Amino acid sequence: MSGEYGPATYGDRIADCYDDLYSAPEDGSIDLLVELAGSGPVLELGIGTGRMALPLAARGVRIEGVDASEAMVAKMRSKPGGSGIPVHIGDFSGVPAAGPYSLVFVAFNTFFGLLSREDQTRCFSATSARLQSGGLFLLEVFVPDLSRFSANQTVRAIDVGVDSVALEVSRYDPRTQVVDSQRVLIAGDGVKLYPVKVRYAWPAELDLMAESAGMQLKHRWSGWMREPFGPDSRRHISVYERRR
Ligand SMILES: C[S@@+](CC[C@H](N)C(=O)[O-])C[C@H]1O[C@@H](n2cnc3c(N)ncnc32)[C@H](O)[C@@H]1O
């Protein structure tokens, strides 16, 4: 992938089909976020097309967002209630918003869109600085599974139809923990490419970043219904609390 991939690339390239690919929030997610938000206000990092933010706003949560992709935010703005949600356009590594917030959250592996350990650490510090005393930072991210790679790369069939095929082609660098992927859609009207780049981090690495930012782990679940996190869990929902 060329060096032109930046904070807005993923969103700008996928905005037109994002809502067709990813459906409503998972059961339990909005209830849990409403409960953790308390009286707010709340900030979502990588707010995107408002998949999580719009139902939260509809439940009365005072929510703002950060996103680098104007195209993603324009999709949210076109939906009922979307124009009333303040969005700070920019890279969320520095958390360009004021606060203080009762809850900052980053869902759907979006935190791993920060592509270096330095940017991820900076995001924890900037988030901590924008939380109320005792405020919470929630992340939903996958647990890295390096067994899916062979010789540091993999190709996966996402969908195989009569007239189309969707593939995911990935390569990773164990030194940086960065995975370069392309979703490749091949159909009658040609080939479409949807690039996505992530820098994975292990749960313990995230806990260290949180501790160095003045936060400590309060909860770790494997799902939005507070399912326990175990050795076979494929993802985690981790909630860090800013020390008082
Ligand atoms: C997978 S989407 C998630 C959108 C929404 N949170 C949801 O759950 O559907 C990731 C979003 O994060 C944004 N994003 C990725 N990296 C970013 C960065 N470094 N700074 C700001 N926004 C970023 C993208 O533009 C996109 O809107």
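Residues numbered from 1 in each chain as written. Predicted model: local features only at pLDDT ≥ 70, side-chain atom pairs only at ≥ 80, totals over all residues. Heavy atoms only, no water.

Chemist: For this particular structure, what's the right way to read the sheet that holds strand β2 (residues 63-67)?
Modeler: Sheets are built from strands paired through backbone hydrogen bonds, the pairs being either parallel or antiparallel. Across the sheet, which stays open at both edges, the 7 strands sit in the order β3-β2-β1-β4-β5-β11-β10 with mixed pairing between neighbours. Lying at the two open borders of the sheet, with one neighbouring strand each, are β3 (87-89) and β10 (215-221). Across the sheet, the mean angle separating the axes of adjacent strands is 20 degrees when strand polarity is ignored. One ladder, built from 4 bridges, connects strand β1 (residues 42-45) with β2; its direction is parallel. Bridge pairing links L43 to E64 in β2. (Pairing = 2+ DSSP bridges. Helix = DSSP H or I, 4+ residues; strand = E, 2+ residues; numbered from the N terminus. Axes fitted to C-alpha atoms, helices over the stretch in contact; angles between N-to-C directions.)

Chemist: What should I look at first to understand the pairing of β1 in this one?
Modeler: The side chains of a regular strand alternate, residue by residue, between the two faces of the sheet. Both faces of β1 are covered, namely the face carrying V42 and E44 and the face carrying L43 and L45. For the crossover that starts at β1, traverses helix α3 (residues 53-58) and ends in the parallel β2, the hand is right-handed. Inspection of the sheet shows β1 paired to strand β4 (residues 101-106) by 3 bridges, in the parallel sense. Along β4, the bridge assignment pairs V42 with L103. (Buried < 20%, exposed > 50% of the residue type's maximum accessible area, 1.4 Å probe, protein only. Right-handed = clockwise from strand over helix to strand, strands pointing away.)

Chemist: Looking at this model, I keep getting lost on the side chain of S29. Mind explaining?
Modeler: For S29, the location among the structural elements is in helix α2 (residues 29-37). Exposure remark for S29: the relative accessible area of 0% places this residue in the buried category. Among the polar contacts listed, one links the side chain of S29 to the backbone oxygen of E26, at a separation of 2.6 Å. When neighbours within four sequence positions are excluded, S29 is seen to be in contact with M52 and W224. (Polar contact = N/O pair within 3.5 Å; in protein donor to acceptor, adjacent residues only side chain to side chain. Contact = heavy atoms within 4.5 Å.)

Chemist: Can you help me understand the nonpolar core in this one?
Modeler: Membership of the largest hydrophobic core comes to 31 residues, with the highest contact counts inside it found for L45, F111, F124 and F137. For this core, the secondary-structure elements that each account for two or more residues are β1, β4, α5 (117-129), β5 (131-142) and α6 (203-212). Of all the elements, β5 adds the most residues to this core, at 4 residues. Counting 26 residues, the second largest nonpolar core, distinct from the first, contains V42, M52, L54 and L103. (Core = buried A, V, L, I, M, F, W, Y, C linked by side-chain atoms within 4.5 Å.)

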